[in-house]
Amino acid sequence: MSNVKEQVNELNQMILEGNILEAFDKFYDESVKMQENDQPATEGKSACRKNEEAFVSSITEFRGAEVKNVIAGDNISVVEWHFDYDHKDWGTRKYDQVAVQNWKDGKIINERFFYSN
């Protein structure tokens, strides 16, 4: 359990420091599946990374992010985030999000995000 806790803490710190793509490269498995709310999941590290790149490059102003809570257990972590930024297509975004992450061998194999639009 402590290993997942250490890994998710390092992942979160990298994200908070603005190293989102580097964190993705380090902590996500080649076969990762990522899902936004009830949208269809994106499968595979390459496809998921393209989504991350598109997201990062579309942020026009970043005012902050905060980790509000972290729960870590055997091969699972749950992170509650608060985000505040402007996006070129979505406008001003200020919201809370929960990320549920399933881990295997030190990598995230499944991640689902829950948030209100």
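Below is a summary of the structure that appears in this document. In this text, all values refer to a predicted model and were calculated from it rather than measured experimentally.

A look at helix H3 (residues 45–57)
- Compared with an ideal rise of 1.5 Å per residue, which puts 13 residues at 18 Å, H3 spans 18 Å between its outermost C-alpha atoms and is within 8% of the ideal.
- Within H3, the full set of buried residues consists of Lys45, Cys48 and Glu52. Projected down its long axis, H3 shows its buried positions confined to an angular sector of 70°, all on one face. Those residues of H3 that are exposed and aimed more than 90 degrees away from the buried face are Lys50 and Ser57.
- In this structure, the buried residues of H3 make contact with helix H2 (20–27), strand S1 (28–36) and strand S2 (42–43).

A short note on the pattern of salt bridges
- Taken as a whole, this structure holds nine salt bridges when the rule is applied.
- Arginine 49 is the salt-bridge partner of aspartate 25, the closest N and O atoms lying 2.6 Å from each other. Remark: arginine 49 occurs in helix H3 and aspartate 25 occurs in helix H2; sequence separation between them is 24 residues.
- Overall, the relative accessible area of 36% leaves aspartate 25 in the partly exposed class.
- In this structure, glutamate 61 engages arginine 63 in a salt bridge whose closest nitrogen and oxygen atoms are separated by 3.6 Å.
- Judged by its relative accessible area of 41%, glutamate 61 is partly exposed.
- It is possible to trace a salt-bridge network through shared partners that takes in Glu61, Arg63, Asp84 and Asp86.

Some remarks on the nonpolar core
- In this structure, Leu11, Phe27, Tyr28, Val32, Met34, Trp103 and Ile108 are the most contacted members of the largest nonpolar core, which totals 21 residues.
- Contributions of two or more residues to this core are made by helix H1 (2–16), H2, S1, strand S4 (76–87), strand S5 (91–104) and strand S6 (107–115).

A look at the packing of aromatic side chains
- The final tally for this structure, using the stated rule, is eight aromatic pairs.
- Seen in terms of ring centroids, tyrosine 85 and tyrosine 95 are 6.1 Å apart; in terms of plane orientation they differ by 75°. Their pairing is edge-to-face. One end of the pair, tyrosine 85, is in strand S4; the other, tyrosine 95, is in strand S5, with ten residues separating them in the sequence.
- For tyrosine 85, a relative accessible area of 1% corresponds to the buried category.
- What makes tyrosine 95 buried here is its relative accessible area of 12%.
- A ring pair is formed by tyrosine 95 and tyrosine 115, whose centres lie 5.7 Å apart and whose planes are at 50°; its orientation type is tilted. On the criterion of sequence distance, the pair formed by tyrosine 95 in strand S5 and tyrosine 115 in strand S6 is long-range, its members being 20 residues apart.
- Pairwise contacts between aromatic rings join Phe55, Trp81, Phe83, Tyr85, Trp90, Tyr95 and Tyr115 into one cluster.
- Here the basic side chain of arginine 93 rests over the ring of tyrosine 95, its NZ or CZ set 4.7 Å away from the ring centre.

The rules behind these values
Residues numbered from 1 in each chain as written. Predicted model: local features only at pLDDT ≥ 70, side-chain atom pairs only at ≥ 80, totals over all residues. Heavy atoms only, no water. Helix = DSSP H or I, 4+ residues; strand = E, 2+ residues; numbered from the N terminus. Expected span 1.5 Å × (residues − 1). Buried < 20%, exposed > 50% of the residue type's maximum accessible area, 1.4 Å probe, protein only. Arc of directions from axis to C-beta. Contact = heavy atoms within 4.5 Å. Salt bridge = Lys/Arg side-chain N within 4 Å of Asp/Glu carboxyl O. Core = buried A, V, L, I, M, F, W, Y, C linked by side-chain atoms within 4.5 Å. Phe/Tyr/Trp six-rings, centres within 6.5 Å; stacked < 30°, edge-to-face > 60°. Lys NZ or Arg CZ within 6 Å of the ring centre and 35° of its normal.

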